[in-house]
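Residue-level listing of the chains:
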Amino acid sequence: MSNQAHFLNLPSHLINDILSRLPTKTIIQCKSVCKSWLSLLSESEFTNLHLQRSPPCLIINKFGCHPSELTCFGLVEYEDEPDHHGFRYVAGTTIKPPEGCIENGLSVTMVGSINGLICLTESYHKHDAVNLWNPIMRESITLPVPEGGRSYTSTVSYGFGLSSESRKYKVVRIFVELDKNTRWRLKSNCYVYTLGEETELWRRIEQAPFLYNYGTYGVFLNGNLHWLTDDQDSSELISCFNLETELFSPFPAPPELRKNFNLASLGVSGGCLRLYDNNSDDEIVIWVMKEYGIKKLWTKEFVIQKEPVHLIDPSYELVRVLKVFKDGDILLLWRDEFFLSYDCWRQILHQSGVDNDKLIKKADDQMNEDGYAEKSYPCIDVMDYVPSFLSLKNFGIQMVESTN
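Where an unreviewed UniProt entry is consulted, the protein chain appears under the name F-box protein At3g07870-like, with the organism given as Coffea arabica.

Rendered as structure tokens:
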């Protein structure tokens, strides 16, 4: 009896336990060994166990203005220990986005990532394409075209998340019509797409309160999506959408946050909701809500001085925290163009350009080895990601597309 036969004679729970501990690239190779292995690795028991053990990483999308540059995503794993941290590009995981995202020469933005599924939207006004994509499975679906086309007098914002009780994956689209002179909100509609729903259509549920900036997306945590609002008619600063009840409600903001916070953004790190405020002339303020939903528990976690790296600039930009490491360093993304590293112990902010940054350089080198021509990428999009073998076919979707 061959070694493979001996292995397959083991109880299924032991086989799943062993295979779920393998690196993602190795599991992909195992699926090509034989039909029995393919079937075993496609079962929900294995998918769920692997998802529990799958190490979190960063997924990086680098794009430029020319269609030929819209080519690749890459996975970067990080080591996070109390005395050091580091990055490692996952070889062999250079992935093209779904064809529907690039056929018109569009650049795509990652709206959210849940259990290995990523929601992608295009970033130009003429089109409104939305895809759900599992880059590990090389599967994607293109969502139906929603109502309300983009124009100068409208803004569109998306969010992607998982309802807390029914465990349904939902994409939320907020379409706001603006007065062409004042740019104030005339009306706003909310549409929801539920993955696996029989109709496979967008549902209009209610008018969305508040005004949402173009290019922002809802931040998912605890079954809710959160947006910073920009509404002159309201005193509320954060809008919360419950994915189970599909209702909006105001959400408590940090006590010192006021209107005209154009350079603030929301994010999630370490399981906590965070707000990154770059509106000050000389400092970046990071707030954290350590106990969800309680206004009094917003804490000013870090105050980072810009001056050491000369970031005082008339054209202030958004800043996002990507990772808070155990050794006291913080990885930030500035203006979607380059990374910053902040040493909390020495209170020093380090700046490096995208081309010289070690994280991107490692990905660049490997992507070139994988057969991609070296190009100049003026923008990067980065998001937390957990590799998963969750198949879109499990949701009864007929038109699942395969990507290379």
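Right, let's talk about the sheet that holds strand β19 (residues 298–305) for a bit. Here four strands make up an open sheet; going across it, the order is β16-β17-β18-β19 and the pairing antiparallel. Lying at the two open borders of the sheet, with one neighbouring strand each, are β16 (264–269) and β19. Between one strand and the next, the sheet's axes are offset by a mean angle of 25°, whatever the strand orientation.

With their axes 9 Å apart at the nearest point, helix α2 (residues 12–19) and helix α5 (residues 44–53) run at an angle of 35° to one another. Considering only the axes of α2 and α5, their crossing is right-handed. Between α2 and α5, the contacting residues are S12, H13, N16, D17 and L19 on the first element and E45, F46, L49 and R53 on the second. Per-class residue counts for the contact of α2 with α5 are three nonpolar, three polar and three charged.

We now examine the sheet that holds strand β25 (residues 401–402). The strands making up a sheet associate through hydrogen bonds between their backbones, and the pairing can be parallel or antiparallel. Read across the open sheet, the five strands follow the order β4-β5-β6-β7-β25; overall the sheet is antiparallel. Two strands in the sheet have a free side with no partner beyond their single neighbour: β4 (108–114) and β25. Two strands pair when backbone bridges link them, and strand β7 (residues 139–142) and β25 are joined in this way by two bridges, in the antiparallel orientation. Across the sheet, the residue bridging to S140 is E401, located in β25.

Looking now at the pattern of salt bridges. Tallied over the full model, the rule gives nine salt bridges. For D17, the salt bridge identified is with R21, shortest N-O distance 3.1 Å. Of the residues examined, R21 reaches a relative accessible area of 56% and is grouped as exposed. Between E301 and R274 there is a salt bridge; the shortest N-O distance is 2.9 Å. Highlighted residues: E301 in strand β19 and R274 in strand β17 (residues 272–277), separated in sequence by 27 residues. When its relative accessible area of 24% is taken as the criterion, E301 is described as partly exposed. The exposure class of R274 is buried, given its relative accessible area of 8%. Here the salt bridges do not stand alone but share partners, grouping K170, E197, R203 and E246 into one network.

Looking now at the nonpolar core. I59, F73, L75, M110, I118 and Y385 are the most contacted members of the largest nonpolar core, which totals 24 residues. Contributions of two or more residues to this core are made by α2, α3 (24–30), α4 (35–41), β1 (57–63), β2 (72–81), β4, β5 (117–122) and β24 (379–385). It is α4 that provides the largest number of residues to this core, a total of three residues. What Y385 contacts, discounting residues up to four positions off in sequence, is P55, P56, C57, I59, L75, S113, G116, I118, N134, P135 and I136. Ranked by size, the runner-up nonpolar core spans 23 residues in total, among them L132, L143, Y158 and V171.

Excluding glycine, most residues fall at negative phi; most peptide bonds, likewise, are trans. The phi dihedral of R167 falls on the positive side, at around 55°, and the residue is not glycine. Within the secondary structure layout, R167 lies in the loop between β8 (154–162) and β9 (169–178). Of note in this structure, N222 is not a glycine but carries a positive phi near 55°. Inspection of the secondary structure puts N222 in the loop between β12 (217–221) and β13 (224–228).

Let us now look at the packing of aromatic side chains. The tally for this structure, following the rule as stated, stands at nine aromatic pairs. Aromatic side chains F160 and Y169 sit 6.4 Å apart centroid to centroid with 25° between the ring planes, which places their arrangement in the stacked category. Of the residues examined, F160 reaches a relative accessible area of 1% and is grouped as buried. Accessibility expressed as a relative area gives 9% for Y169, which makes it buried. Arranged with centres 5.7 Å apart and planes meeting at 90°, the rings of Y169 and F395 form a pair that is edge-to-face. Of this pair, Y169 sits in strand β9 while F395 sits in the loop between β24 and β25; the two residues are 226 residues apart in sequence, bridging distant segments of the chain. Within the aromatic cluster, the residues linked to one another by ring pairs are Y158, Y193 and W202.

Each value, and the rule that gives it
- Residues numbered from 1 in each chain as written.
- Predicted model: local features only at pLDDT ≥ 70, side-chain atom pairs only at ≥ 80, totals over all residues.
- Heavy atoms only, no water.
- Pairing = 2+ DSSP bridges.
- Helix = DSSP H or I, 4+ residues; strand = E, 2+ residues; numbered from the N terminus.
- Axes fitted to C-alpha atoms, helices over the stretch in contact; angles between N-to-C directions.
- Left-handed = near helix turned anticlockwise from the far one by under 90°.
- Contact = heavy atoms within 4.5 Å.
- Nonpolar A, V, L, I, M, F, W, Y, C, P; charged D, E, K, R; others polar.
- Salt bridge = Lys/Arg side-chain N within 4 Å of Asp/Glu carboxyl O.
- Buried < 20%, exposed > 50% of the residue type's maximum accessible area, 1.4 Å probe, protein only.
- Core = buried A, V, L, I, M, F, W, Y, C linked by side-chain atoms within 4.5 Å.
- Phe/Tyr/Trp six-rings, centres within 6.5 Å; stacked < 30°, edge-to-face > 60°.

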